[in-house]
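Coordinate analysis (summary)
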Amino acid sequence: MLANVQAIINLSQSDTSERLKEVISGRIQAMANVHSLFVETRWIGAEVSAIAKQELAPYLQEGQDKRIVMEGLQIVLEPTAAQAIAVVLHELATNAAKYGALSNAKGWIGLDWSRAEDGQLMLRWTELGGPRVNAPERKGFGSRLIEGTITPLGGKVHFDWRAEGLVCEIAVPT
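Just so it is clear, the structure is predicted and the values come from calculations on it, not from any experiment.

Rules behind the numbers
Residues numbered from 1 in each chain as written. Predicted model: local features only at pLDDT ≥ 70, side-chain atom pairs only at ≥ 80, totals over all residues. Heavy atoms only, no water. Helix = DSSP H or I, 4+ residues; strand = E, 2+ residues; numbered from the N terminus. Buried < 20%, exposed > 50% of the residue type's maximum accessible area, 1.4 Å probe, protein only. Contact = heavy atoms within 4.5 Å. Areas by Shrake-Rupley, 256 points an atom, 1.4 Å probe, with all protein chains shown as cover. Pairing = 2+ DSSP bridges. Core = buried A, V, L, I, M, F, W, Y, C linked by side-chain atoms within 4.5 Å. Axes fitted to C-alpha atoms, helices over the stretch in contact; angles between N-to-C directions. Left-handed = near helix turned anticlockwise from the far one by under 90°. Phe/Tyr/Trp six-rings, centres within 6.5 Å; stacked < 30°, edge-to-face > 60°.

Our next topic: the overall build of the protein chain. Secondary structure assignment for the protein chain yields 5 helices and 7 strands. Sequence-ordered secondary structure for the protein chain, helices as α and strands as β, is α-α-β-α-β-β-α-β-β-α-β-β. Counting all 174 residues of the protein chain, 43% fall into the buried class. A fraction of 63% describes how many contacts in the protein chain between residues 6 or more apart in sequence connect residues 24 or more apart. When the accessible area of the protein chain is evaluated, it comes to approximately 9700 Å², of which 52% is carbon and sulfur surface.

As a further point, take the pairing of strand β4 (residues 108-115). As paired elements, strand β2 (residues 68-72) and β4 share 5 bridges and run parallel to each other. In the strand pairing of β4, M70 is matched with L111. For β4 and strand β5 (residues 121-128), the ladder comprises 8 bridges, and the chain directions are antiparallel. Paired with I109 across the two strands is E127, which belongs to β5. Here β4 hands over to β5 after 5 residues, with G119 in that stretch at a positive phi of 95°.

Moving on: the nonpolar core. Soluble, globular proteins show a tendency: their nonpolar side chains are buried together. Core analysis: the largest hydrophobic core is formed by 34 residues, its most contacted members being L77, I85 and W125. Secondary structure elements with two or more residues in this core: α3 (48-55), α4 (79-98), β4, β5, α5 (141-150), β6 (156-162) and β7 (165-172). Looking at this core, the element that brings in the most residues is α4, giving 10 residues. Residues contacting I85, with those up to four places away along its chain left out, are I51, L77, L121, L123, I150 and V172.

All right, on to α5 then. Most of α5 is tucked away: 8 of the 10 residues are buried. What α5 keeps buried is the set F141, G142, S143, L145, I146, E147, T149 and I150.

The subject of this paragraph is the packing of α3 against α4. Running from amino to carboxyl end, α3 crosses α4 at an angle of 35°, the nearest separation of the two axes being 9 Å. Crossing angle aside, the handedness with which α3 passes α4 is right-handed. Taken together, the residues of α4 that come into contact with α3 (itself represented by I51, A52 and E55) are A82, I85, A86, L89 and H90.

In total, this model carries 1 aromatic pair according to the counting rule given. Between F159 and W161, the ring centres sit 5.9 Å apart and the planes meet at 15°, which makes this aromatic pair stacked. For F159, a relative accessible area of 15% translates into the label buried. On the accessibility criterion, W161 (31% relative accessible area) is partly exposed.

Moving on, we come to the side chain of E147. Along the chain, E147 turns up in helix α5. Excluding residues within four positions of it along the chain, E147 makes contact with K139, P152, V157 and F159.

Turning our eyes to something else, we now look at the sheet that holds β4. With mixed pairing, the 5 strands of this open sheet are ordered in space as β2-β4-β5-β7-β6. Unpaired on one side and paired on the other, β2 and β6 mark the two borders of the sheet. Strand after strand, the sheet turns through a mean of 10° between neighbouring axes, direction not considered. Direction of pairing for β5 relative to β7: antiparallel, over a ladder of 6 bridges. Bridge pairing links L121 to V172 in β7. α3 contacts β2, β4 and β5 of the sheet and is inclined by roughly 160° relative to β4. Where α5 meets the sheet, its contacts fall on β6 and β7, and the angle it forms with β6 comes to roughly 155°.

Written out as structure tokens, the structure is:
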């Protein structure tokens, strides 16, 4: 856990010290949120839908059109993978709120997951209805953070910058 916090601090950037505190705080809060799920399972791990609901709660408010549609099997992740998925979902949601599908009133996100034959978690984040997307000319901080969180676990990340929205596919050993 402390190695993850140190990585978050080392990888985080911002134009102002106040914004840097905000960015780091949000990422550490994502880890704290998932730890509350560990307590409920006596540190066995956390279930993917519970992690997703926690991290995406600001966009799952009742009475609004569904901004996020989630679907997947009940899969419990061990703590290391669960922390990684929490941080990744936090990062994807933050970027979607700033620049992507959640930055306007019409955009929405599809989040689905399953278990591959080899046992890996396969997670797919799809943004639609947001501003037109152009593939970045260089890797941004968010992409590097996501890859830096997933790759050490033996996982893989693929970003597909489609005009209609970002599709991010993640494979993580469980």
